[in-house]
Amino acid sequence: MYSDHVQTTHPVADGHGHGEPEGGHGHAKRHPVLDWMMTTDHKKIGVMYLWTSFIFFLIGGAMALMIRVQLMQHNNTALTPDFYNQMMTMHATVMIFLAIIPAVTGFGNLALPLHLGARDVAFPRLNALGFWLVPAGGLVFLSSFLLGGASQNGWTAYPPLANSAYSPGIGVDLWVFGVHLVGTSSITGGLNFIVTIFNMRAPGVTFHKMSLFAWAWLVTSWLQVIATPVLAGAVTMLLLDRNIGTSFFRAEAGGDPILFQHLFWFYSHPAVYIMILPVFGIVSQIIPAFSQKKIFGYLPIAYSSVAIGLFGLVVWAHHMFATGINPWVLTFFMIVTLAIAVPTGVKIFSWIATMWGGVVEFKTPMLFCIGFIAFFTIGGLSGIMQGSIPFDIQVSGTYFIVAHIHYVLFAGSAVGLIAGFYYWLPKMTGRMYHEGLGQLHFWLTMISMNLAFFPMHFLGLQGMPRRVAYYAPQFETINQFIGYSAMVMGFAQLLIIAQIIYSLKFGEKAGNDPWNHHPDTKTFEWDIPSPPPAYNFEKLPVAR
Amino acid sequence: MTDHSHHSHASPVPAGTDVAALDPHVLEHEIASIFPSITGFSTGLMLFGIGATWNEFTWGPAAIVLGLSILICAMVGWWWELVRDNRLEENSLIGTPDDARKGLRIGFGFFIGSEVMFFAAFFAYYFYARAMAPVWPPEGFAKLPWDIALVNTALLVVSGFFYMRGEHHIEHGTPQRSMKHMVLALILGFVFLAVQAQEWMHLIHEGFTVQSGPMGTAFYLLTGFHGFHVIIGAIFITVVTARIALAHFTPQKHFAMTAAGWYWHFVDVVWIGLVVCVYLYDYVRDYFVGPAKAAWLMIEPLLASASQILS
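Residues numbered from 1 in each chain as written. Chains lettered and ligands numbered in written order. Predicted model: local features only at pLDDT ≥ 70, side-chain atom pairs only at ≥ 80, totals over all residues.

### Here's the deal with the overall build of chain A
- Secondary structure summary: chain A contains 18 helices and zero strands in total.
- By the compact-globule yardstick of 24 Å for 544 residues, chain A fits well, its C-alpha radius of gyration being 23 Å.
- With respect to the three principal axes, the spread of C-alpha positions in chain A is 70 × 55 × 45 Å.
- Within chain A, the fraction of its 544 residues that count as buried is 59%.
- Taking the contacts inside chain A whose residues are at least 6 apart along the sequence as the reference set, 83% of them involve residues at least 24 apart. (Helix = DSSP H or I, 4+ residues; strand = E, 2+ residues; numbered from the N terminus. Rg over C-alpha atoms; globule rule 2.2 N^0.38 Å. Buried ≥ 20, exposed ≤ 12 C-beta atoms within 10 Å, placed from the backbone. Contact = placed C-beta atoms within 7 Å.)

Next comes the structure, spelled out in structure tokens:
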């Protein structure tokens, strides 16, 4: 995809007496597959992350549709209970660890060095390792289907259910190893981005001038480095309990399953910010770009990310309101949880204020951002409802939680990522996507998404349990409605493939800046060709 | 290569400067490497093999051996590439060698931070288990032997001291003397491992195993993961020592040595935390007198309740 720009504009003058760097002479002749396997170019790695996450998005989506097929009737026999549980577990696992996190990392790879005016990330090889661990982890996760069945414990893998006594077989073990692999990917990616942001900004790109996408990644990468090792510790303990008879979480041997929940959520709550902060960053780039107006509240948006990151590290026990631990402790977690609404609100009001009085162009990326603001906010508001202990105890374990998580992770993360996809696709391929098809994709997604997820609130309030293959007959009509809506939503996402093909083959040339950014909204990638040449900049970019 | 100007944000180089003029190598060499992808997949294969072995698939051990062999080759290749590129200072994508070293310092610091968080999870289990237990050591268990722990502490601390001297001699241009100190540091590391293995065998022989309830779990996993990190540190020091012998380092340029030192001191600090919390605490708490006892009487319930309210 990227031309060998460097070699053509600057012919190699050998004679430095330096061994044989691989790229120097063999690069042009390398087989394309080997070329992608050996690349350390952040843009190519970003593209590989995005492809990988899209493939897993389709796999995870297919699993979701199988869940919906089973739920079309209250006592359906389409799936066996065991297989339903595997689908339920792997849908979440694939979407979180193999689709959304790699997708945000993909956009980070693609755009972060360009926003900073850097020629690559700080540690290009480590960056490549971070990518390759994702497909490796994906293979380990999915291989369990061939070896007797995947984990049936939900993506949270709580003991005692996940202990070997109740979940024999290879499923949970391979799930743990998959988490190790993608977790290591997350840590290496975070390390790389921290150093890139601290150490590789071009002259004049100070912290208070760098893009809000870079700010979002600064906070995200800290969370990845701080929180992910604790998840690695937690799942390692689970693995050892299962296989060598330790007593971390086995109550019968003196351990305590509640501790697993503490350690798991110490990572997995920050993980929701790992999945949403970079998307906030994407939205903070697109909204000013398509409003032809400088972002409103640059510093408040930047520092609200920091506040969200700090608060996000001390709210984990709000996932444990129903466990019966000390209510005074839970009150602390409740208060901090509710406080997160403040920095999040700062962002939402700043985005709206950016559009206010701007010259708003309703192109596909902007439409998806507006959809993001509207419907992510629903997920944010139901989050505040659940942040309140008395309410959460009522809805914990019901479909209300499922509604909330999908408004946050689909209407939030996925919709924002699709906005980023449309925004940067011309930069990646050098050609435009099809605007009409993009608008169709937008409307289909918005309508079907709300039809699929909004009724889940009602099911939850009426007491339908989540994660179970069967339910009471009175919920059948709503479940069928959700099922059909989910199918429309799922198949509408195939338009992404059509857009990629259109953009690669037929779209008109994008030029440097297809969006005609206002100078106040323009980041460095729009000053250089689409796709950008290897190593991005021949001249150090000028900070604005 | 020594006279470039910096072109990081801290530098006086103006924006718009032709990058090629700053560094003639920048545009000629692509960093390309097959080792990251091989490392990723071989790690996956190895872990997959472990899972299969534990679940009694006959081919499991073969997958472990294959994955681990490929992984070791890939790590050797990767390390070799890094050493080569750093010596040639071809890592110029990221600016001057000074910029690169600054980046390595930040990155390695955060890496150690992530390791600290991994150990934090296991220490959290230890404190949590103590708070849950009515008495500690749990009924039927003896206190852990403090004498071996102190011997091992001395071994690691002295080893860390030798390492510092080794670094000092590199900084002062006397690599021969540095070598001697590094070898001593390494030997003490191996003696530590031998003593620790001896202690494990002794305790296992007495029937205290990883399956002996929370105390066994906490003891073996904390000391086990620590020991694993000592092994990694020893490999790191071995490579660094070989590079001293190959005259790779100068008084100004020896980041690999600094990094290995940070890692070694980190392993040291974890050990001291471990000895204080896991071995010595149960002896010392009975002997607090005077102000120490008063302070202890205030702190202990706080610590206990901190763990208990989360459970």
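On we go.
### What about the overall build of chain B?
- What chain B contains, in helices and strands, is nine helices and zero strands.
- Counting only contacts in chain B whose residues sit at least 6 apart along the sequence, the fraction spanning at least 24 positions is 71%.

### Remarks on the packing of helix H8 (residues 212-243) of chain A against helix H10 (residues 298-312) of chain A
Residues and elements named next belong to chain A.
- H10 packs onto H8 with a crossing angle of 10° between their chain directions and a minimal axis gap of 9 Å. Overall, the two elements H8 and H10 adopt an arrangement that is roughly parallel. In this structure, H8 crosses over H10, and the sense of that crossing is right-handed. Each of Leu 212, Trp 215, Ala 216, Val 219, Trp 222 and Leu 223 in H8 lies in contact with H10, whose residues at this interface are Tyr 298, Ile 301, Ala 302, Ser 305, Val 306, Gly 309 and Gly 312.
- Each residue belonging to the contact of H8 with H10 can be placed in one class, and the counts come to ten nonpolar, three polar and no charged. (Axes fitted to C-alpha atoms, helices over the stretch in contact; angles between N-to-C directions. Parallel < 35°, antiparallel > 145°, perpendicular 65-115°, else oblique. Left-handed = near helix turned anticlockwise from the far one by under 90°. Nonpolar A, V, L, I, M, F, W, Y, C, P; charged D, E, K, R; others polar.)

### A short note on helix H7 (residues 213-245) of chain B
- Between its terminal C-alpha atoms H7 of chain B stretches 48 Å, which fits the 48 Å expected from 33 residues at 1.5 Å a residue.
- Backbone geometry just downstream of H7 of chain B places Ala 247 of chain B in the positive-phi region, at approximately 60°. (Expected span 1.5 Å × (residues − 1).)

### What about the environment of Ser 37 of chain B?
- The residue Ser 37 of chain B is located in helix H2 (residues 35-54) in this model.
- Once the C-alpha coordinates of Ser 37 of chain B and Ala 154 of chain B are considered, the two residues, 117 residues apart in sequence, prove to be 41 Å apart.
- Contact partners of Ser 37 of chain B, with chain neighbours within four places excluded, come to Met 37, Ala 128 and Trp 132 of chain A.

### Let's talk about unusual backbone geometry
Residue and element names in this part refer to chain A.
- Residue Pro 160 is bonded to the preceding Pro 159 through a cis peptide linkage, with omega at 5°.
- Tracing the sequence through the fold places Pro 160 in the loop between helix H6 (124-143) and helix H7 (171-199).
- The phi torsion at Arg 467 lies on the positive side, around 70°, for a residue other than glycine.
- When you line up the elements, Arg 467 lands in the loop between helix H16 (435-461) and helix H17 (476-492).
- Unlike most non-glycine residues, Asn 536 shows phi in positive territory, near 65°.
- Note that Asn 536 resides in the segment after helix H18 (495-505).

### Re helix H9 (residues 257-291) of chain A
Residues and elements named next belong to chain A.
- The first and last C-alpha atoms of H9 sit 51 Å apart over 35 residues, in line with the 51 Å expected at 1.5 Å per residue.
- In H9, a bend of some 35° at Trp 265 exceeds every other bend along the element.
- In terms of burial, H9 is largely enclosed, as 33 of its 35 residues are buried.
- Positive phi shows up at Gln 292, right after H9, with a value of about 50°. (Bend = angle between axes of the 7 residues up to and from the residue.)

### Some details on the confidence of the model for chain B
All names here are of chain B.
- For chain B, mean pLDDT is 86; residues scoring 70 or higher make up 86% of the total.
- When mean pLDDT is taken per element in chain B, H2 scores highest with 97 and helix H1 (residues 19-22) scores lowest with 58.
- This model gives residues 1-12 a pLDDT under 50, and the stretch forms 27 contacts once residues within four places in sequence are excluded.
- Across the predicted assembly, pTM comes out at 0.91 and ipTM at 0.91. (pLDDT = per-residue confidence, 0-100.)

### Brief notes about the environment of Asp 513 of chain A
Residues and elements named next belong to chain A.
- Inspection of the secondary structure puts Asp 513 in the segment after H18.
- Residue classification places Asp 513 among the partly exposed residues on the basis of 16 C-beta atoms within 10 Å.
- Residues Asp 513 and Glu 525 lie twelve residues apart in sequence; the distance between their C-alpha atoms is 8.4 Å.

### Focus on the packing of H10 of chain A against helix H12 (residues 341-355) of chain A
All names here are of chain A.
- Two elements in contact, H10 and H12, have axes separated by 8 Å at closest approach and are oriented at 155°. Classified by the angle between their axes, H10 and H12 sit roughly antiparallel to one another. Of the two elements, H10 crosses H12, and the hand of that crossing is left-handed. Of the residues in H12, those in contact with Pro 300, Ile 301, Ser 304, Ala 307 and Ile 308 of H10 are Pro 343, Thr 344, Val 346, Lys 347 and Ser 350.
- Of the residues assigned to the contact of H10 with H12, the class counts are six nonpolar, three polar and one charged.

### Looking at the environment of Leu 494 of chain A
- On the secondary structure map, Leu 494 of chain A appears in the loop between H17 and H18.
- Sequence spacing of Leu 494 of chain A and Gly 436 of chain A is 58 residues, and the spatial spacing of their C-alpha atoms is 15 Å.

### Quick word on the confidence of the model for chain A
- Of the residues in chain A, 95% have a pLDDT of 70 or more, and the chain-wide mean is 92.
- The model gives residues 1-27 of chain A a pLDDT under 50, and that stretch makes 38 contacts with residues more than four places away or in other chains.

### Some points on the nonpolar core
- One finds Ile 100, Ala 234, Leu 238, Val 283, Ile 286 and Ala 419 of chain A together with Tyr 125 of chain B to be the most contacted residues of the largest nonpolar core, which totals 228 residues.
- Those residues in contact with Ile 286 of chain A that lie beyond four places of it in its chain are Pro 365, Met 366, Cys 369, Ala 419 and Tyr 423 of chain A. (Core = buried A, V, L, I, M, F, W, Y, C linked by C-beta atoms within 7 Å.)

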